[in-house]
Amino acid sequence: MSRKAFIFDLDGVIVDTAKYHFLAWQKLAQELGIEFTPEHNEELKGVSRVRSLDIILALGHIEASQEDKNKWLIQKNEDYLSYLVDMDESEILPGVLPVLEFIKEKKQLIALGSASKNARPILEKTGILPFFDAIVDGNDVSNAKPDPEVFLRAAQLLHVSNENAIVFEDSVAGIQAANTANMISVGIGDATILHEAKYNFKDFTFMDLAFIEALID
Ligand code: B16
Ligand code: MG
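Residues numbered from 1 in each chain as written. Chains lettered and ligands numbered in written order. Predicted model: local features only at pLDDT ≥ 70, side-chain atom pairs only at ≥ 80, totals over all residues. Heavy atoms only, no water.

Draft legend 1. Structural detail: the site of ligand 1. Around ligand 1, the structure places 18 residues, and the nearest of them are Gly46, Val47, Ser116, Lys117 and Asn118. Between ligand 1 and aspartate 11 there is a distance of 2.9 Å, counted from an oxygen atom to a backbone nitrogen or oxygen. At a separation of 2.8 Å, an oxygen atom of ligand 1 approaches a polar side-chain atom of arginine 49. Across the complex, the protein chains shield 98% of the 470 Å² of accessible surface that ligand 1 would expose by itself. Under a 2 Å grid-point criterion requiring more than half of the atoms, the pocket assigned to ligand 1 is the largest pocket. Secondary structure elements with two or more residues in the shell around ligand 1: helix 3 (49-59) and helix 4 (66-84). Grouping the constituent residues of the shell around ligand 1 by class yields five nonpolar, six polar and seven charged. (Near = heavy atom within 4 Å. Polar contact = N/O pair within 3.5 Å; in protein donor to acceptor, adjacent residues only side chain to side chain. Areas by Shrake-Rupley, 256 points an atom, 1.4 Å probe, with all protein chains shown as cover. 1 Å grid on protein atoms, 1.4 Å probe; cavity = no way out; pocket = protein on both sides within 12 Å on 5 of 7 lines; lining within 4 Å. Sits in = over half its atoms within 2 Å of the grid points. Helix = DSSP H or I, 4+ residues; strand = E, 2+ residues; numbered from the N terminus. Nonpolar A, V, L, I, M, F, W, Y, C, P; charged D, E, K, R; others polar.)

Draft legend 2. Inspection of the coordination of the magnesium ion (ligand 2) at higher detail. The protein atoms that coordinate the magnesium ion (ligand 2) are Asp9 (OD), Asp11 (O) and Asp170 (OD), at distances of 2.0 to 2.2 Å. Written as a sequence motif, the donor arrangement for the magnesium ion (ligand 2) is D-x1-D-x158-D. You can see aspartate 11 sitting in the loop between strand 1 (5-8) and helix 1 (18-31) and its partner aspartate 170 sitting in the loop between strand 4 (165-169) and helix 8 (172-180), a full 159 residues away along the chain. On the basis of relative accessibility, which here comes to 15%, the residue aspartate 170 falls in the buried class. (Donors = N, O, S within 2.8 Å, 3.2 Å for Na, K, Ca; no water. Buried < 20%, exposed > 50% of the residue type's maximum accessible area, 1.4 Å probe, protein only.)

These values are about where atoms sit, not about what they do.
If you want it as structure tokens, here you go:
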């Protein structure tokens, strides 16, 4: 029996950082005179920082120089990081810790597969960094989801074949990336939106540990 790699997305799966991304993007949008709503924010989930700014500028029909864009990207990230200062283990989404603990108990492997360039400090602050055997984040990949690069790299680092990898994702692009990589995709969130996933759970509290056990056997 070969070991399995359980690959977790970060935002929307382990922690809800979307609310902080929203506040930081909204502040910038306001300064630029662009209306930016929670509905717009949904479209930024799992999307890289650079691409997110392009989407927001397009909403306001603003064409900007690279210099301005770089300045706004730095400003947004500084605002975002200010919301993370007090982050601790209480921000881990319900049901995640028991799943991480169970996977470790069963001597299986755990990786992170996130678009965020702030993934490491978030794992550190929430105290779950030691669970991870490999971390692949926005600093390591050049192709964003739905390109499978982030998950392929994680499986490679763990020396696990793609068929033996299981991906937990809350974004449509992430589910598509997992499917393209021939990995088992598990949608966390709205099953209607994530209908391309092989399995679906509203959140980790709806996931029985028997589900994880069955994937290992
Ligand atoms: P950063 P994930 C993604 O994280 C977020 O969902 C997305 O909203 C964000 O723009 C992206 O990370 C980049 O984050 O600005 O921290 O580099 O869902 O892939 O874990
Ligand atoms: Mg996500």
